[in-house]
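Structural features, examined
Read off the chains here:
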Amino acid sequence: MFEKRYLASRFSATLLLLGAVAVAAISAHSYLRMHHPGPDVDRVVPREGFVHKRLSDYFQGLQDTPADTDVYVQEGEQPGGTLLVLGGTHANEPAGVVAAVVLLENADVKRGRLIIAPYANLMARTHTFPQDAHPQTFGFETSGGVRRTFRYGARTTNPVNEWPNPDIYIHPASGQTMAGVERSNLNRAHPGVADGGMTEQLAYGFMQLIKQEDVDLAIDLHEASPEYPVVDALVAHERAMELAAMVTMELEFEGIPIRLEPSPKNLRGLSHREWGDQTDVLAILMETCNASAGRFRGRTGEALVLTGEDKAYDKAAELGRLYVPWESWDKRIAERVGRHVTSVKLLAENLEFVRDDAGIVIEGLPAYTSLSEEGVGAYLRD
Ligand SMILES: [Zn+2]
């Protein structure tokens with residue numbers, strides 16, 4: 001009797017162990033796929049005219065580190081100003097990333113220079129937040145029938161690259177204290193530290209790029225959740241406020257409602273604050289509305305990333321908890337990318353009115369209505 005029970009419990013223990021090993025193997029495989037997603041994921045096909053560089057060309061300390069990332073530069077025939085666009089500061093804000101790629105694949109610079117870093121924090125693209133159930137990828141079909149796939153990452157650097165976070169993060173340039181996790185957040189790490197943590201070094205690299213390329217206008221592309229007050233908005237450093245106000249009016253004129261928010265002076269580490277304070281660049285951050293990163297959301301998957309439609313948000317809107325006109329309003333990624341691309345184009349075109357000889361003319365970009373009608377895939381290359 002005893003022998004039989006002993007054998008039975010050994011049998012169930014072995015089964016449980018095998019089950020645990022199988023779960024661990026499947027999870028490990030899935031986790032590692034984010035690190036080595038294959039050549040077709042996050043692939044970009046820059047329009048001819050772009051020169052490929054690396055962020056380590058501006059700050060050598062990044063060379064051979066996981067923080068180093070691609071930077072593309074296109075110079076027009078006529079001299080003018082220099083515009084820097086960052087996508088993917090936060091890898092879980094898909095329209096910011098995709099808008100940077102659409103700019104990279106379509107921009108034909110006639111005057112001035114355009115510099116694009118489409119995947120600003122690559123270390124945030126190798127993981128998703130635990131228990132958030134985000135899809136690892138999402139994608140679009142091009143006109144030629146090719147699927148273009150992008151990783152859906154996280155807000156912060158992967159703990160594999162930076163661990164552990166402190167209980168409290170002290171922002172080095174200001175001494176301001178923040179939650180420990182913000183140490184891994186590129187948009188709290190500016191202006192960066194040459195020998196700091198990986199995320200601080202990455203921020204330092206972008207600051208060196210801005211200085212060495214003598215950037216006139218720097219734009220950081222983001223998305224925010226529908227329950228966040230700053231959404232569908234331009235956030236401008238005080239020196240960029242005049243330019244942002246001009247563009248806000250033009251966007252409204254084109255039927256794109258947008259808010260204009262001043263960059264708070266006491267919130268440190270953010271791109272629009274530190275870039276503007278440390279250099280003479282005009283610094284602007286833009287937010288579109290992304291339900292897939294919101295806390296109210298229900299079923300989470302590629303469909304939510306692309307459509308923004310969600311029953312839990314319908315309910316939240318009914319209860320008056322959102323800062324966007326949920327019912328009457330277009331939440332699709334094509335609209336969000338269209339907002340970003342149109343805003344970038346208008347900011348570039350208006351730059352010469354606030355800064356002498358800094359005009360930038362970019363042709364070839366899809367209009368807001370074209371993106372909205374034809375979808376993102378129509379403006380990505382095969
Ligand atoms: Zn963001």
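Overview of the structure.

Observations concerning the overall build of the protein
If you tally the helices and strands in the protein, you get 10 helices and 13 strands. Computed over C-alpha atoms, the radius of gyration of the protein comes to 22 Å, within 12% of the 21 Å expected from 2.2 N^0.38 for 382 residues, which places it in the range of a compact globule. Taking the principal axes of the C-alpha coordinates as reference, the protein spans close to 95 × 50 × 45 Å. A buried classification covers 55% of the 382 residues belonging to the protein. Relative to all contacts within the protein whose residues are 6 or more apart in sequence, the contacts with residues 24 or more apart total 76%. Carbon and sulfur atoms provide 54% of the accessible area of the protein, an area that totals close to 16900 Å².

Observations concerning the layout of surface pockets
Roughly 560 Å³ of internal volume is contained in the largest pocket. Within the residue set of the lining of the largest pocket, elements represented by two or more residues are α3 (186-189), β9 (217-224), β11 (259-262) and β12 (282-289). With three residues, β9 is the largest single contributor of residues to the lining of the largest pocket. Of the residues contributing to the lining of the largest pocket, the split by class is 11 nonpolar, eight polar and eight charged. Its volume calculated, the second largest pocket comes out at about 160 Å³. As for the second largest pocket, its lining consists of Tyr-31, His-127, Thr-128, Phe-129, Pro-130, Thr-156, Thr-157, Pro-159, Glu-162, Asn-165, Val-181 and Ser-184.

Topic: the nonpolar core
Within the largest apolar cluster, 58 residues are counted, with the highest numbers of intra-cluster contacts made by Leu-83, Leu-114, Leu-217, Ile-284, Val-337 and Val-376. Core analysis: the second largest hydrophobic core is formed by 27 residues, Leu-55, Ala-67, Ala-117 and Ala-120 among them.

Overview of the coordination of the zinc ion
Ligation of the zinc ion by protein atoms is provided by His-90 (ND1), Glu-93 (OE), Glu-93 (OE) and His-222 (ND1), these donors lying 2.1 to 2.3 Å from the ion. Geometry at the zinc ion is irregular, judged from its four donor atoms and the angles of 59 to 152° they form at the metal. When the donor residues of the zinc ion are listed from N- to C-terminus, their spacing reads H-x2-E-x128-H. Taken together, the residues span a long stretch of sequence, with His-90 in the loop between β3 (78-86) and α2 (94-106) and His-222 in strand β9 at a distance of 132 residues. As far as the burial class goes, His-90 and His-222 line up, both buried.

As for the pattern of salt bridges
This structure, assessed with the given rule, holds 27 salt bridges. A salt bridge links Arg-111 to Glu-352; the nearest nitrogen and oxygen atoms lie 3.1 Å apart. Taken together, the positions of Arg-111 in strand β4 (residues 108-117) and Glu-352 in helix α9 (residues 333-354) put the pair 241 residues apart, joining distant regions of the chain. Looking at Glu-352, the relative accessible area reads 34%, which means it is partly exposed. Counted as one network, the salt bridges with shared partners bring together Asp-42, Arg-125 and Arg-151.

A short note on the side chain of Asn-158
For Asn-158, the location among the structural elements is in the loop between β6 (147-151) and β7 (168-170). A polar contact of 2.9 Å, which involves the side chain of Asn-158, links it to the side chain of Thr-126. Every residue in contact with Asn-158, bar those within four places of it in the chain, is listed here: Tyr-31, His-35, Met-123, Thr-126 and His-127.

Examining empty space enclosed by the protein
In the structure shown here, the tally under the stated rule is one cavity of 30 Å³ or more. There is about 40 Å³ of room inside the largest cavity. Residue lining of the largest cavity: Ala-233, Leu-234, Ile-258, Met-286, Glu-287, Thr-288, Arg-339, His-340 and Ser-343, and that is the complete set. Residue assignment for the lining of the largest cavity shows that the elements contributing at least two residues are β10 (233-236), β12 and α9. In the lining of the largest cavity, the residues fall into four nonpolar, three polar and two charged.

Let's talk about the packing of helix α5 (residues 241-253) against α9
The interhelical angle for the contact between α5 and α9, taken along N-to-C directions, is 130°, at an axis separation of 9 Å. Taken together, the axis directions place α5 and α9 in an arrangement best described as oblique. Crossing of α5 over α9 shows right-handed handedness. On α9, the residues touching Glu-242, Leu-243, Ala-244, Met-246, Val-247, Glu-250 and Leu-251 of α5 are Thr-342, Ser-343, Leu-346, Leu-347, Asn-350, Leu-351, Phe-353 and Val-354. Looking at the contact of α5 with α9 residue by residue, the class counts come to 10 nonpolar, three polar and two charged.

Some words on the environment of Ala-117
Note on placement: Ala-117 falls in strand β4. Along the primary structure Ala-117 and Arg-148 are separated by 31 residues, whereas in three dimensions their C-alpha atoms are 18 Å apart. For Ala-117, the residues in contact, after removing those within four places along its chain, are Asp-70, Val-71, Val-85, Leu-86, Gly-87 and Phe-206.

Focus on the environment of Leu-104
Within the fold, Leu-104 resides in helix α2. A relative accessible area of 0% means that Leu-104 is categorised as buried. Sequence separation between Leu-104 and Val-45 is 59 residues, and the spatial gap between their C-alpha atoms is 7.7 Å. Apart from the residues lying within four places of it in its own chain, the contact partners of Leu-104 are Val-44, Pro-46, Arg-47, Phe-50, Tyr-72, Ile-116 and Pro-118.

So, how was this worked out
Residues numbered from 1 in each chain as written. Predicted model: local features only at pLDDT ≥ 70, side-chain atom pairs only at ≥ 80, totals over all residues. Heavy atoms only, no water. Helix = DSSP H or I, 4+ residues; strand = E, 2+ residues; numbered from the N terminus. Rg over C-alpha atoms; globule rule 2.2 N^0.38 Å. Buried < 20%, exposed > 50% of the residue type's maximum accessible area, 1.4 Å probe, protein only. Contact = heavy atoms within 4.5 Å. Areas by Shrake-Rupley, 256 points an atom, 1.4 Å probe, with all protein chains shown as cover. 1 Å grid on protein atoms, 1.4 Å probe; cavity = no way out; pocket = protein on both sides within 12 Å on 5 of 7 lines; lining within 4 Å. Points joined across faces, edges and corners; volume = space filled by probe spheres on them. Nonpolar A, V, L, I, M, F, W, Y, C, P; charged D, E, K, R; others polar. Core = buried A, V, L, I, M, F, W, Y, C linked by side-chain atoms within 4.5 Å. Donors = N, O, S within 2.8 Å, 3.2 Å for Na, K, Ca; no water. Tetrahedral: all angles 85-135°; square planar, octahedral: opposite > 155°, others 65-115°. Salt bridge = Lys/Arg side-chain N within 4 Å of Asp/Glu carboxyl O. Polar contact = N/O pair within 3.5 Å; in protein donor to acceptor, adjacent residues only side chain to side chain. Axes fitted to C-alpha atoms, helices over the stretch in contact; angles between N-to-C directions. Parallel < 35°, antiparallel > 145°, perpendicular 65-115°, else oblique. Left-handed = near helix turned anticlockwise from the far one by under 90°.

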